[in-house]
Amino acid sequence: MRLTIQNHALTVEIDTLGAQLASIRAPDGTEYLWQGNPEIWARRAPMLFPVIGRLRDSAYLLDGVPYTIPQHGFARDMEFQVSGQTGHSLSLSISDTEATRAVYPFAFSLTVTYSLEGNTLVKAHRVENRSDREMLFELGGHDGFRAPIEPGVPMSAYRIVLPQPSVRLYGMDERCLLTPKGEELPLEGGALPLTPASYGLDTLVMDAPAGHTAALVDQMGRARVTMSFPDFSYLGLWTQNKPFDTGYVCVEPWTTLPDAAFVGRELGDKAGIRRLAPGQSETLTYTTTFN
């Protein structure tokens, strides 16, 4: 089921399946969100919880016990319940079930609140540990944006701009597991090219850039989509490596690095893993501004 929030600047549709964004439109009808072409990439903006990315052998260890869990976790495929709504905001929630406990043995609640502040969309994730033990989790965004936003412009005319002169990317092996960071890559004007071939094997992964911001910039040098993610320590940028323009790029703030060749198999070994004591909760927020 799709629900809508709106103000004078934006109309945002949200699907209760996965609490996933379905549309972000300006008053003139401009659509910013990738619309999920199944021949390229069928999803739009899935949420990553309680793990991020692929796992080595499709499993993680918790106190030595292996658990098999889908790539990016299960939240993106769960039906969320409405827990609050106004004209400008919407809260959607899930909690643990028998099925989730079989792959992630914690009692939890996850509430995602979308709210509009002018031309900025705020997305807040409140995670609560309802278990009687410490809870470990990962959380991330996977928001796909149209690139280009207007028709008739090549994807290569757009770029991702970071507020720094260079970046060191993590490597990735043939299993799509991270390897240590490579050499410093200079950025002209902070810009990363936006062509499918630039993304090679899979995702560009880096420590959060200066200011924890990233912008999708058009051919005129205008920032069309600017994401700010102060609560997130890492950033992924992804589009499929195709021999043609895919028409989208995902800007992905992550709390935690995906599985890596240089860390152990325990969930607690993951770089950036979040920990909540019994009864504790925390809220992690990022914002996206549209122009």
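In this text, all values refer to a predicted model and were calculated from it rather than measured experimentally.

What counts as what
Residues numbered from 1 in each chain as written. Predicted model: local features only at pLDDT ≥ 70, side-chain atom pairs only at ≥ 80, totals over all residues. Heavy atoms only, no water. Helix = DSSP H or I, 4+ residues; strand = E, 2+ residues; numbered from the N terminus. Contact = heavy atoms within 4.5 Å. Core = buried A, V, L, I, M, F, W, Y, C linked by side-chain atoms within 4.5 Å. Buried < 20%, exposed > 50% of the residue type's maximum accessible area, 1.4 Å probe, protein only. Salt bridge = Lys/Arg side-chain N within 4 Å of Asp/Glu carboxyl O. 1 Å grid on protein atoms, 1.4 Å probe; cavity = no way out; pocket = protein on both sides within 12 Å on 5 of 7 lines; lining within 4 Å. Points joined across faces, edges and corners; volume = space filled by probe spheres on them. Nonpolar A, V, L, I, M, F, W, Y, C, P; charged D, E, K, R; others polar. Pairing = 2+ DSSP bridges. Axes fitted to C-alpha atoms, helices over the stretch in contact; angles between N-to-C directions.

Details of the environment of Leu267
Then, in step 1: Residue position: Leu267 is located in the loop between β22 (248-254) and β23 (274-276).
Then, in step 2: It is 8.3 Å that separates the C-alpha atoms of Leu267 and Phe137, two residues lying 130 residues apart in sequence.
Then, in step 3: Among residues more than four places away in sequence, those in contact with Leu267 are Val51, Tyr60, Leu61, Leu136, Glu138 and Ile273.

Focus: the nonpolar core
For soluble globular proteins, the rule of thumb is that nonpolar side chains tend to be buried together.
Then, in step 1: Residues Tyr104, Leu110 and Ile160 are the most contacted members of the largest nonpolar core, which totals 76 residues.
Then, in step 2: When residues in this core are grouped by element, the largest group, five residues, is from strand β8 (residues 108-117).
Then, in step 3: With 10 residues, the next largest nonpolar core counts Leu178, Val205, Trp254 and Leu257 among its residues.

Structural notes on the environment of Gln219
Then, in step 1: Structurally, Gln219 is set in the loop between β19 (213-217) and β20 (223-228).
Then, in step 2: Residue classification places Gln219 among the partly exposed positions, given a relative accessible area of 37%.
Then, in step 3: Measuring from C-alpha to C-alpha, the distance between Gln219 and Thr195 comes to 13 Å, with 24 residues separating the pair along the chain.
Then, in step 4: Apart from residues no more than four positions distant in its own chain, Gln219 is found in contact with Val153, Ala157 and Tyr158.

Regarding the pattern of salt bridges
Then, in step 1: What the rule picks out here adds up to 17 salt bridges.
Then, in step 2: Here Asp77 makes a salt bridge to Arg43, at a shortest N to O gap of 3.2 Å. Taken together, the positions of Asp77 in the loop between β5 (65-68) and β6 (81-85) and Arg43 in the loop between β3 (20-25) and β4 (59-62) put the pair 34 residues apart, joining distant regions of the chain.
Then, in step 3: Overall, Arg43 belongs to the partly exposed group, its relative accessible area being 27%.
Then, in step 4: Between Glu128 and Arg126 there is a salt bridge; the shortest N-O distance is 3.5 Å.
Then, in step 5: Given a relative accessible area of 18%, Glu128 falls into the buried group.
Then, in step 6: The class of Arg126 is partly exposed, set by a relative accessible area of 36%.
Then, in step 7: Shared partners join several salt bridges into a network, and the residues in it are Glu150, Asp218, Arg222 and Arg224.

Quick look at the layout of surface pockets
Then, in step 1: Within this model, the largest pocket holds a volume of roughly 310 Å³.
Then, in step 2: Lining the largest pocket are 20 residues, and of these Arg54, Gln71, His72, Asp202 and Thr203 sit closest to its centre.
Then, in step 3: Broken down by class, the residue content of the lining of the largest pocket amounts to nine nonpolar, five polar and six charged.

Observations regarding the side chain of Thr16
Then, in step 1: Residue placement: Thr16 occurs in the loop between β2 (11-15) and β3.
Then, in step 2: For Thr16, the residues in contact, after removing those within four places along its chain, are Met1, Leu3, Met78, Glu79, Phe80 and Leu92.

Concerning the sheet that holds strand β1 (residues 2-6)
Consider a sheet: its strands pair through backbone hydrogen bonds, and that pairing is either parallel or antiparallel.
Then, in step 1: One open sheet accounts for three strands, arranged β1-β2-β3; its pairing is antiparallel. Because the sheet does not close on itself, it has two edges, and the strands there are β1 and β3. Taking each pair of neighbouring strands and ignoring which way they run, the sheet shows an average axis angle of 20°.

Structural notes on the pairing of β1
Then, in step 1: On β1, burial follows the alternation: Leu3 and Ile5 on one face are buried, whereas Arg2, Thr4 and Gln6 on the facing-out side are not.
Then, in step 2: Taken together, the five bridges between β1 and β2 define a ladder with antiparallel strand orientation. For Ile5, the partnering residue across the bridge sits in β2 and is Val12.

Some points on the environment of Arg54
Then, in step 1: Considering the arrangement of structural elements, one finds Arg54 in the loop between β3 and β4.
Then, in step 2: Once the C-alpha coordinates of Arg54 and Asp202 are considered, the two residues, 148 residues apart in sequence, prove to be 11 Å apart.
Then, in step 3: Excluding residues that lie within four positions of it along the chain, Arg54 makes contacts with Gln71, Arg175, Cys176, Asp202 and Asp259.

Digging into the sheet that holds strand β9 (residues 120-129)
Then, in step 1: Within the open sheet, the nine strands sit side by side as β6-β7-β8-β9-β24-β20-β19-β12-β17. Their pairing is antiparallel. At either end of the open sheet lies a strand with only one pairing partner, and these are β6 and β17 (191-193). Neighbour-to-neighbour, the strand axes of the sheet open up by a mean angle of 20°, direction not taken into account.
Then, in step 2: Pairing between β19 and β20: five bridges, direction antiparallel. Pairing of Val217 across the sheet is with Ala223, part of β20.

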